[in-house]
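A closer look at the structure
Here's the letter readout for the chains.
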Amino acid sequence: MSQIKNNLLFNSNQSKTYSGNKYGFGITFRSINQDFIYPIVCNQKELISRLEEELYDEYPKYKEFNTYLTCNGIVLKRFKTVEENNIKKGDAIIVNIME
């Protein structure tokens, strides 16, 4: 568990330069059943669908499920940007499975 915390701290503090001089920041994807915690660096102009694709490349079993994403209790729009979904540095995105 301490390894996960260290990775989260490292990745949430990590910054990248993106086109247009936008700086990246860390967010975390988490499964509703705590199967995974996946930190990722993104920028405000990235589409949620692109981040979700990266997540599912890392955890391919989730491609088999009908999922939706929430952050701070709000369902995210996949084809809107991080900024348009009001996601901020350090936020956790929950991967929910529709039953």
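Refer to the structure above for everything that follows.
Okay, so let's go over this structure. (Residues numbered from 1 in each chain as written. Predicted model: local features only at pLDDT ≥ 70, side-chain atom pairs only at ≥ 80, totals over all residues. Heavy atoms only, no water.)

1. Examining the pattern of salt bridges
- Considering all chains together, one arrives at six salt bridges under this definition.
- One salt bridge connects Glu52 with Arg78, and the closest N-O pair in it is separated by 2.6 Å. Of this pair, Glu52 sits in helix H2 (residues 48-58) while Arg78 sits in the loop between strand E4 (74-75) and strand E5 (92-97), placing them 26 residues apart in sequence.
- The buried category is assigned to Glu52, whose relative accessible area is 5%.
- Classification of Arg78 by relative accessible area gives partly exposed; the value is 27%. (Salt bridge = Lys/Arg side-chain N within 4 Å of Asp/Glu carboxyl O. Helix = DSSP H or I, 4+ residues; strand = E, 2+ residues; numbered from the N terminus. Buried < 20%, exposed > 50% of the residue type's maximum accessible area, 1.4 Å probe, protein only.)

2. Details of the packing of aromatic side chains
- Evaluation of the coordinates by the stated rule reveals four aromatic pairs.
- Summarising the aromatic geometry, the rings of Tyr38 and Tyr59 are spaced 5.9 Å apart at their centres and angled 85° between planes, so their arrangement reads as edge-to-face. Here the residue Tyr38 occupies a position in strand E2 (residues 37-42), and Tyr59 occupies one in the loop between H2 and strand E3 (67-71), the gap between them amounting to 21 residues.
- In this structure Tyr38 comes out as buried when scored by relative accessible area, which is 14%.
- Overall, the relative accessible area of 26% leaves Tyr59 in the partly exposed class.
- Put simply, the rings of Phe36, Tyr38, Tyr59, Tyr62 and Phe65 pair up and form one aromatic cluster. (Phe/Tyr/Trp six-rings, centres within 6.5 Å; stacked < 30°, edge-to-face > 60°.)

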